[in-house]
Amino acid sequence: MNTMTFMKNQSFFILGLFALILYAFGFSAWGQPTKPQDPLSLTMWIAALEGRIETVRTSLDQGSVPDFADPNGRTALMMASYNGHTEMVKMLLDRGAKIDLVDSAGRTALMYAASGPFAPTVRVLIDRGADVNVRDSAEGFTALMFAAAEGQVEVIEVLLSHGADTTIKDKDNDTALD
């Protein structure tokens, strides 16, 4: 991952985390009141993002919702996938997380995993039933397109070996090969 991509991704999640914390305490990022959220599930979501598997396990044991999502629809499974926390992904799926939920941009956990150097996480998601050819609603990207855009060669190989379609076109009429 190049430095600019790393900085962009870190900024994205810092802002998202800030918005999530505001949301959990009853405010949107724009200061508008919202319904306060479940603090136990929020703790679980943050722990999944950070890779703290024991905290997630304890939160789930205490009743947190495995598919808890931030205001943009990003679930704990998506966040664990984005950071390549493969054992966390397995546990969340074992505990009932839905594999093909989409966020507000139509992205799945597989798409999040495919954007990083996380071939083992990608394999787990595919083995558990993730659709390798689903397209997001924002740009029409597939997991293969995300992997190709980030130069994730090993992830590309895994996706192709599991039937990723190289002919699917995004909203700009480009394929993963373009």
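Everything in this summary refers to the structure shown in the same document. What you see is a predicted model; the values in this text were computed from it and never measured.

1. Describing the packing of helix α7 (residues 119–127) against helix α9 (residues 153–161)
Thought 1: Running from amino to carboxyl end, α7 crosses α9 at an angle of 20°, the nearest separation of the two axes being 9 Å. Considering the angle they form, α7 stands roughly parallel to α9. Taken as a pair, α7 and α9 cross one another with a handedness that is right-handed. Residue-level contacts link Ala-119, Val-122, Arg-123 and Ile-126 of α7 to Glu-154, Val-155, Val-158 and Leu-159 of α9.

2. Looking at the nonpolar core
Thought 1: Counting residues in each nonpolar core, the largest one holds 48 residues, and the members touching the most others are Val-56, Leu-77, Leu-92, Leu-110, Val-122, Leu-125 and Leu-159.
Thought 2: Only α2 (39–50), α3 (53–61), α4 (76–82), α5 (86–94), α6 (109–114), α7, α8 (143–149) and α9 provide two or more residues apiece to this core.
Thought 3: In terms of residue count, α2 provides more of this core than any other element does, 7 residues in total.
Thought 4: Ignoring sequence-local partners within four residues, the contact set of Leu-125 consists of Leu-77, Ser-81, Val-89, Leu-93, Ile-99, Ala-109, Leu-110, Ala-113 and Ala-130.

3. Some details on the pattern of salt bridges
Thought 1: Evaluation of the coordinates by the stated rule reveals 10 salt bridges.
Thought 2: Between Lys-98 and Asp-67 there is a salt bridge, with its nearest N and O atoms 3.3 Å apart. Highlighted residues: Lys-98 in the loop between α5 and α6 and Asp-67 in the loop between α3 and α4, separated in sequence by 31 residues.
Thought 3: Accessibility expressed as a relative area gives 16% for Asp-67, which makes it buried.
Thought 4: Between Lys-90 and Glu-87 there is a salt bridge, with the nearest N and O atoms lying 3.1 Å from each other. Taken together, the positions of Lys-90 and Glu-87, both in helix α5 and 3 residues apart, correspond to about one turn of that helix.
Thought 5: Since its relative accessible area comes to 49%, Glu-87 is described here as partly exposed.

4. Description of the environment of Ile-156
Thought 1: For Ile-156, the location among the structural elements is in helix α9.
Thought 2: Spatially, the C-alpha atom of Ile-156 lies 7.9 Å from that of Ala-114, the residues being 42 residues apart in sequence.
Thought 3: Excluding residues that lie within four positions of it along the chain, Ile-156 makes contacts with Leu-144, Ala-147 and Ala-148.

5. Quick word on the packing of aromatic side chains
Thought 1: What the rule picks out here adds up to 2 aromatic pairs.
Thought 2: Judged by centre distance (6.0 Å) and plane angle (80°), the ring pair of Tyr-82 and Tyr-112 falls under edge-to-face. Of this pair, Tyr-82 sits in helix α4 while Tyr-112 sits in helix α6; the two residues are 30 residues apart in sequence, bridging distant segments of the chain.
Thought 3: For Tyr-82, a relative accessible area of 11% corresponds to the buried category.
Thought 4: Between Phe-141 and Phe-146, the aromatic rings sit 5.4 Å apart at their centres with planes inclined by 75°, giving edge-to-face as the arrangement.

The rules behind each value
- Here the residue index of a chain counts from 1 through its sequence in written order.
- The predicted nature of this model means local features are confined to residues of pLDDT at least 70 and side-chain atom pairs, given and counted, to a pLDDT of 80 or more, with totals for whole chains, interfaces and linings taken over all residues.
- Hydrogens and water molecules were not included; the side-chain quantities draw on all heavy atoms of the structure.
- Convention adopted: a line fitted to C-alpha atoms gives each axis, helices being fitted over their contacting stretch, and angles between N-to-C directions are expressed from 0 to 180 degrees.
- Helix numbering and strand numbering both begin at the N terminus, where a helix is a DSSP run of H or I of at least 4 residues and a strand a DSSP run of E of at least 2.
- The cut-offs work like this: below 35 degrees is roughly parallel, past 145 is roughly antiparallel, 65 to 115 is roughly perpendicular, and the gaps in between are oblique.
- In this scheme the crossing of two helices becomes right-handed for a clockwise turn of the near helix relative to the far one and left-handed for an anticlockwise turn of less than a right angle.
- By the convention used here, residues are in contact when the closest approach between their heavy atoms is within 4.5 Å.
- We call a set of buried Ala, Val, Leu, Ile, Met, Phe, Trp, Tyr and Cys residues a nonpolar core when their side-chain atoms join them within 4.5 Å.
- Burial status follows relative accessibility: with a 1.4 Å probe on protein chains alone, a residue under 20% of its type maximum counts as buried, one over 50% as exposed, and anything between as partly exposed.
- By definition here, a salt bridge exists when the distance from a side-chain nitrogen of Lys or Arg to a carboxyl oxygen of Asp or Glu is within 4 Å.
- Between 30 and 60 degrees the pair is tilted, below 30 it is stacked and above 60 it is edge-to-face, where a pair is any two Phe, Tyr or Trp rings, Trp via its six-membered ring, whose centres lie within 6.5 Å.

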